[in-house]
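# A structural walkthrough
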Amino acid sequence: TVTVNNTVISSQNVEVDFTPGSVLPTAQPGWVSGTVFRDRNGNGVRDAGEGAITQWRVFADLNNDGVWEKGEPYTVSKARGIYRLKLAPGIYTIRAIARKGFINTVPGATGYPTSILSGQTTTGLNFGEQVMSTKKAHSRHTISRLIIKD
């Protein structure tokens, strides 16, 4: 493993030139990407007919508290629900923001624990979002007599 300023830049065998005046390699950002989709049946899989969701915030949860906070890197899904988030090398949990009226079906509450190496792209971190049911249970009570007084 090769590190620069405590940042892992490679976990593969590399050749490093320690000649005076040589330039140390610099860590390159990495990327995570995937799609956000409307999981109509809640099975955690994007089935035929389950469309993309645009303008959905996906973020790197730096303190792993499950909530996006100012200063945490984020992006929003674009056309076809695709998002792409640029991150410095490191270990992150990637999550989608919870919206009122929706429940996350994939990956669930854990998000995606992800290690980013210099220049690496991680794909397939998809988020399924299902609309929560608003149907209310119907009462089976019967009114036997109704008296209205004015």
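In what follows, the accompanying structure is described. (Residues numbered from 1 in each chain as written. Predicted model: local features only at pLDDT ≥ 70, side-chain atom pairs only at ≥ 80, totals over all residues. Heavy atoms only, no water.)

### Let's talk about the sheet that holds strand β9 (residues 112-116)
Put simply, the rule is: What makes two strands pair is DSSP finding at least two bridges between them. Every helix listed is a DSSP run of H or I at least four residues long, and every strand listed is a run of E at least two residues long, numbered separately from the N terminus. Axes here mean lines fitted to C-alpha atoms, for a helix over just the part in contact, with angles spanning 0 to 180 degrees between N-to-C directions.
Taken in spatial order, the four strands line up as β5-β4-β7-β9 in an open sheet, and their pairing is antiparallel. The open sheet has two free edges, formed respectively by β5 (74-76) and β9, since each of these has just one partner strand. Here the strands of the sheet are splayed against their neighbours by 25° on average, with no regard to which way each runs.

### Observations concerning the pattern of salt bridges
Applicable threshold: In the sections that follow, a salt bridge refers to a side-chain nitrogen of Lys or Arg positioned within 4 Å of a carboxyl oxygen of Asp or Glu.
Taken as a whole and judged by the stated rule, the model has one salt bridge. A salt bridge links Asp 61 to Arg 95; the nearest nitrogen and oxygen atoms lie 2.7 Å apart. Here the residue Asp 61 occupies a position in the loop between β4 (57-60) and β5, and Arg 95 occupies one in strand β7 (residues 90-96), the gap between them amounting to 34 residues.

### Description of the side chain of Glu 72
To keep things clear, this is the line we draw: Only protein chains enter the accessibility calculation, which uses a 1.4 Å probe. A residue is then buried if its area is under 20% of the maximum for its type, exposed if over 50%, and partly exposed in between. Only four residue types enter the tally: Lys and Arg on the positive side, Asp and Glu on the negative side, with His and both chain ends excluded. What qualifies as a polar contact is a pair of N or O atoms within 3.5 Å, subject to a donor-acceptor requirement within protein and to the restriction that residues adjacent in sequence count only when both atoms come from side chains. Contacts are assigned to residue pairs with any non-hydrogen atoms lying within 4.5 Å of each other.
Examined against the element boundaries, Glu 72 turns out to sit in the loop between β4 and β5. The charged side chain of Glu 72 is buried without a salt bridge, its nearest counter-charge being Arg 95 at 7.7 Å. At 2.9 Å, the side chain of Glu 72 forms a polar contact with the backbone nitrogen of Glu 69. Those residues in contact with Glu 72 that sit more than four places away from it in its chain are Phe 59, Ala 60, Asp 61, Leu 62, Asn 63 and Val 67.

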